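Structural overview for review
Take a look at the letters that make up each chain.
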Amino acid sequence: MNAPVYTFVTRDDNSTVYAEVSKILLSTGQWKRLKRDNPRFNLMLGERNRLPFGRLGHEPGLVQLVNYYRGADKLCRKASLVKLIKTSPELSDSCNWFPESYIIYPTNLKTPVAPATNGISHLKNNPKTDEREVFLASYHSKKESGEGTVWIAKSSAGAKGAGILISHDANQLLEYIDNQGQVHVIQKYLEKPLLLEPGHRKFDIRSWVLVDHQYNIYLYQEGVLRTSSEPYNSSDLQDMTSHLTNHCIQKEHSQNYGRYEEGNEMFFDEFRLYLLNTHNVTLETTILPQIKQIIKSCLTCIEPAISTKHLSYQSFQLFGFDFMVDESFKVWLIEINGAPACAQKLYPELCQGIVDVAISSIFTMNSGGEASSSSSSPYSSSPSSTFTTNSTNCSSPKLRGPLHVGPFTRL
């Protein structure tokens, strides 16, 4: 067997996705894992918030790739996503797919408060803006017009259902945020979601999206519905198991966890049949086109700010987009996760897809399992002519990846 040609380091011990990717790379016989502090690597599988971006791409003779895009938090933190969507001309149609949302800072942080009448201008021109006055104006307007008064407050950095309050009372929501002491987003609650039967239950949809080093956007063919175990009850906003589909909340607080779907997960094949049999609509014509358009809009919007095409190193990243569907089959973006986990049964296929789309497109191997580089050194400097060309030629056009790679389809 030939010696390994490429090298990688792993700096995230908690990522189950990249643990699986590591196994796949080692199984090829063409990759060698180095000690985590060794700088002479081709690939870094790092931890999202602790990546040494400034030190990447400076090792002589080395092509270096990392598994996150610097600046992608613009999408992946709730408050940053709200600001991006509200201030980007490219996302002017977002009112059709993103619930009305406001960034709220606790009063003790003394963040400048945007005036109720000119909030967007204040948001654009200030690094931090408390939108509580703009929120209150909208809240009272909707209350008077009978458009619905239920809102949800979510911690900007929260996960797994933590830091959330659903309420009809604007003052209660603001007081809750002030007591929490950290930035939150207040968002109009989707009061009429599409529900699953039996059980009259809420769900959300997780879609996995992979962006390669050329900023080609790939959607994973499988998606999963995370389902509630309890009936949706709009008159009881305190019952989190009725309103939040997070696995940890359902598993810990619902006695019906797993009653309807194993692990409260429904995959697309079953969802396709459900839509067809229950509503006489298809996933491919009603929901997926909306999902694809939202994904493409969000990721294209930040491409100029985060693309590494002209840098001395290159990036790729897996994202988890979370959606809800209302009773009119309109799809709404809820949030974007920059380091998503994966349903257990999908790991082998998803992670092999990551290797094929994002890694092997740069560090190639021929059909015989041997690396295409003529060098047998583990520090090969020219595994991919397209990579090295683009890292030195800033006028080079974007290279479009293949339309289909395994379970991924380019958008």
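The structure reproduced in this document is the subject of the present report. Just so we're clear, the structure is a prediction, and the values are computed from it rather than from any experiment. (Residues numbered from 1 in each chain as written. Predicted model: local features only at pLDDT ≥ 70, side-chain atom pairs only at ≥ 80, totals over all residues. Heavy atoms only, no water.)

Side note on the overall build of the chain
Cut-off, in case you're wondering: A run of H or I in DSSP counts as a helix once it spans at least four residues, and a run of E counts as a strand once it spans at least two, with each numbered from the N terminus. Relative accessibility under 20% of the residue-type maximum defines a buried residue, over 50% an exposed one, and the middle range a partly exposed one, all with a 1.4 Å probe and only protein chains included. Throughout, a residue-residue contact means that at least one pair of heavy atoms, one from each residue, lies within 4.5 Å. Per-residue and other accessible areas were derived by the Shrake-Rupley procedure at a 1.4 Å probe size, with only the shown protein chains allowed to occlude residues.
Across its full length, the chain holds 13 helices and 16 strands. Residues counted as buried form 54% of the 411 residues belonging to the chain. Partitioning the contacts of the chain with sequence separation of at least 6, the portion at a separation of at least 24 is 67%. Summed over all atoms, the accessible surface of the chain reaches about 18,400 Å², with 49% contributed by carbon and sulfur.

Observations concerning the pairing of strand β10 (residues 217-227)
Every regular strand shows the same layout, with side chains that alternate between the two sheet faces. Rule in force here: Between any two strands, at least two bridges found by DSSP are needed for them to pair.
Counting buried residues in β10 gives 10 out of 11 residues, a clear majority hidden from the surface. If you look at the hairpin formed by strand β9 (residues 203-211) and β10, you'll find 5 residues sitting between the two strands, and Y215 has a positive phi there, around 65°. The pairing of β10 with strand β16 (residues 408-410) spans 3 bridges and is antiparallel. Residue pairing in the sheet places L219 in a bridge with T409 of β16. As judged from the 3 bridges shared by β10 and strand β11 (residues 265-267), these two strands associate in the antiparallel manner.

Description of the side chain of T241
Spelled out, the test is: In protein, a polar contact means a hydrogen-donor-capable atom and an acceptor-capable atom, both N or O and within 3.5 Å, with residues adjacent in sequence counting only if both atoms are side-chain atoms; elsewhere, any N or O pair within 3.5 Å suffices.
Following the sequence through the fold, T241 ends up in helix α7 (residues 240-243). A distance of 2.6 Å separates the side chain of T241 from the side chain of D239, its partner in a polar contact. Residues in contact with T241, not counting those within four places in the same chain, are S228, E230, I249, Q250, H253 and S254.

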